[in-house]
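Residue-level structural notes
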Amino acid sequence: MIRTRYAPSPTGSMHIGNLRTALFEYLVAKSQGGTFIMRLEDTDTARYVPGAEQIIYDTLKTAGLKYDEGPGVGGDYGPYVQSRRKTDYLVYAEELVKRGGAYYCFCDKERLAKLHETSADGAAKYDRFCLSFSKEEVAANLAAGKKYVIRQLIPEGQTTFTDLVYGDITVDNSEMEDQILIKSDLLPTYNFANVVDDHLMKITHVVRGSEYLSSTPKYNLLYEALGWEIPQYIHLPLIVNENGEKLAKRKGDMSFEQLVKIGFLPEAIINFIALLGWSPQDNREILSLQELTECFNIKGLSKSPSKFDIKKLLWMNGEYFKKMPDGEFFEMAKSHIANAVKRKGIDAKKLAEMVKTRIELLSDIPGLLDFIDELPNYDISLFTHKKMKTDSQIAGDALNAVMDNIRKFTSWDNTSLYETLVEIAQDIGYKNSQVLWPVRTALSGKPTSPCGASELMELLGREETFARIINAMNLLGVNSINYVPSYKRVNDAASKDSVNVATGGANE
Ligand code: GLU
């Protein structure tokens, strides 16, 4: 039975890399019907950042990564918290000393500082000064109450392990330091607590970022020295930004909370993160957590760095809005709509339906609806559209024809309005688009709008519709008494060209 754990240290906000580790810990277990747990590694008080643990809990909850066991009541499990566990890590360290895998070190801060100072790069490894003490000397120091730490004794040679993604990795032991396992306050360092707890919690698979590849042998030497079974390792590839650099807060790379605050949907973020270094090996890109759980396979993990492409995340977010039920979307969007549109009598639900398929973020909404309260100033060049086969002259004619036939607009609903506009186009021998496009432009004053002419008419109402059309006719100079629309000259040989342009096979 597979058992995985997400083991964060509360050292700051939850970054994309951290969340990806949590997600893959979850998927490795859940895809095989295994158990996923969460263990907070908070024994290193020097690195503790207040509030960080709450961010971790909230993020996992928002992301839907539920753990299967832990302290807590009923099915609502709490995470394991190392500092609150009753594990006596010291006992395990003492056992390790007995087995020759660790030793007591009585060096004081001053000696260690001097050691660093006198080294060429200021980062000397511990010189094993205390390793030369005899058993009796150690016992005497301990009996005298001398402060100590316990250090791992790294043997000579090389250590090799197999990672399920990266294959065999060999590290020369000389690259490793005799790291501290138990600090002078007798609490474990997180490296040691991590190994002891993984053993006690029967973790079968350790999933984490590739930055841990080089320190894994250190952990494995501890397992071996204690006679414990080494877990399987799955190291995840680096995540890089657009410039190919490792993601980092100081470079402006965002945390999960920041992305959610901007308006990214947790489901979209999870989907996006799942594809950072993994693929389902078919062409699917939109996968819910449930679908990911069903199709996850470690064979889909890659070694090469994966790029955090914000454009892809934006696209994905838009796809999640499209898939969302209308009612749910409305609840999310309504405050944005209310802020963007103050005009009376506008159906906010209709607006929500219109923008739902056109946004990537909720903050795109005001930009799509800004023309409703106030028609923007626009240039008549907007009426020229090659594909719609319109230009300012055709637009003038079309709008003129609409006003000429104002009596035809008896019902004010989208379907009837559309039919009437099409009928007017036919009457004057124009393509549908040659009437619809000018009306749409006159009503929105923009090159794009979240809906077509008849929907805009329905939305804005009769009075505002005709006021905006008259405004457009004024801009186009069509309101003068002398204006002669070209459609009246259909049979006039002199104006045949303009008629041909007007009827020239445009699609709406
Ligand atoms: N506490 C370590 C961290 O936050 C966990 C390392 C691991 O997953 O083994 O980076």
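Residue indices begin from 1 for each chain and proceed along its sequence in written order. Residues qualify for local features only when their pLDDT is at least 70, as the model is predicted, and side-chain atom pairs are given and counted only at 80 or more; totals for whole chains, interfaces and linings, by contrast, use all residues. Working from all heavy atoms in the structure, the side-chain values ignore hydrogens and water.

Here we look at the packing of aromatic side chains
Paired rings are identified among Phe, Tyr and Trp, the last through its six-membered ring, by centres lying within 6.5 Å, and are further divided according to the angle between planes into stacked (under 30 degrees), edge-to-face (over 60) and tilted (the rest). Using the criterion set out here, one finds 16 aromatic pairs in the structure. Pairing Phe-161 with Tyr-233 gives two aromatic rings, centres 5.7 Å apart and planes at 75°, and the pair type is edge-to-face. Remark: Tyr-233 occurs in strand β12 (residues 232-236) and Phe-161 occurs in strand β8 (residues 158-163); sequence separation between them is 72 residues. Using a 1.4 Å probe on the protein chains alone, a residue whose accessible area is under 20% of its type maximum counts as buried, one over 50% counts as exposed, and one in between counts as partly exposed. A relative accessible area of 5% means that Phe-161 is categorised as buried. Of the residues examined, Tyr-233 reaches a relative accessible area of 2% and is grouped as buried. Every member of this aromatic cluster is reached through a ring pair, and the members are Tyr-104, Phe-106, Phe-129, Phe-133 and Tyr-148. By definition, being over a ring means that NZ of Lys or CZ of Arg is both within 6 Å of the ring centre and within 35 degrees of the ring normal. Its guanidinium or amino end placed over the ring of Trp-437, Arg-440 lies 4.2 Å from that ring's centre, counting from NZ or CZ. Here a strand is any run of E in DSSP of at least two residues, a helix any run of H or I of at least four, and the numbering for each starts at the N terminus.

Section: the packing of helix α3 (residues 89-98) against helix α6 (residues 190-200)
The contact between α3 and α6 brings their axes to 10 Å, and the two run at 95°. As judged from the angle between their axes, α3 and α6 are roughly perpendicular. In this structure, α3 contributes Tyr-89, Tyr-92, Ala-93 and Leu-96 to the contact, and α6 contributes Phe-192, Ala-193, Val-196, Asp-197 and Leu-200. To define axes, lines are fitted to C-alpha atoms, for helices over the stretch in contact only, and angles between the resulting N-to-C directions are given on a 0 to 180 degree scale. Put simply, angles under 35 degrees are roughly parallel, angles over 145 are roughly antiparallel, angles from 65 to 115 are roughly perpendicular, and the rest are oblique. Contact definition: two residues touch when any of their heavy atoms are within 4.5 Å.

Section: the pairing of strand β9 (residues 167-172)
Think of it this way: DSSP has to see at least two bridges between two strands before they count as a pair. Here six bridges tie β8 to β9, and the two strands are oriented antiparallel to one another. Bridging from a neighbouring strand, Gln-158 pairs with Asp-172 of β9. Taking the residues between adjacent antiparallel strands as the criterion, β8 and β9 are bridged by three residues.

Some words on the nonpolar core
Here the nonpolar core consists of buried residues drawn from Ala, Val, Leu, Ile, Met, Phe, Trp, Tyr and Cys, with membership extended through side-chain atoms lying within 4.5 Å. By size, the foremost hydrophobic cluster in this structure holds 148 residues, and its most contacted members are Leu-65, Val-439 and Ile-469. A per-element tally of this core places helix α1 (residues 16-30) first, with nine residues.

Quick notes on the environment of Thr-35
Along the chain, Thr-35 falls in strand β2 (residues 35-40). In this structure Thr-35 comes out as buried when scored by relative accessible area, which is 11%. Between the C-alpha atoms of Thr-35 and Tyr-487, which are 452 residues apart in sequence, the distance is 75 Å.

Notes on the site of the ligand
Here a residue is considered near a molecule or strand provided that any single heavy atom belonging to it is located within 4 Å of it. If you check the shell around the ligand, you find Arg-5, Ala-7, Pro-8, Ser-9, Glu-41, Tyr-190, Asn-194, Arg-208 and Tyr-212 and nothing else. Here a polar contact means two N or O atoms within 3.5 Å. Within protein one must be a hydrogen donor candidate and the other an acceptor candidate, and residues neighboring in sequence count only if both atoms are side-chain atoms. Interatomic distance of 2.9 Å between a side-chain N/O atom of Ser-9 and a nitrogen atom of the ligand. Between Arg-208 and the ligand, the recorded distance is 2.7 Å, taken from a side-chain N or O atom to an oxygen atom. In short, Shrake-Rupley with a 1.4 Å probe defines the accessible areas, and a residue's cover is counted only from the protein chains shown. For the ligand, whose free accessible area comes to 300 Å², the fraction covered by protein is 86%. Taken together, the residues of the shell around the ligand sort by class into four nonpolar, two polar and three charged. The classification used treats Ala, Val, Leu, Ile, Met, Phe, Trp, Tyr, Cys and Pro as nonpolar, Asp, Glu, Lys and Arg as charged, and all other residues, Gly among them, as polar.

Looking at the sheet that holds strand β6 (residues 102-105)
For sheets, the rule is that strands pair by backbone hydrogen bonds, running either parallel or antiparallel. Strand order in the open sheet made by the three strands is β6-β7-β10, with antiparallel pairing throughout. Every other strand in the sheet has two partners, leaving β6 and β10 (180-182) as the edge strands with one partner each. For this sheet, the mean angle separating the axes of adjacent strands, direction not counted, is 40°. Bridging between β6 and strand β7 (residues 149-152) involves four bridges; their strand directions are antiparallel. Residue pairing for β7: Tyr-103 is matched across the bridge by Arg-151. Set on the sheet, α3 makes contact with β6, β7 and β10; between it and β6 the angle comes to about 110°.

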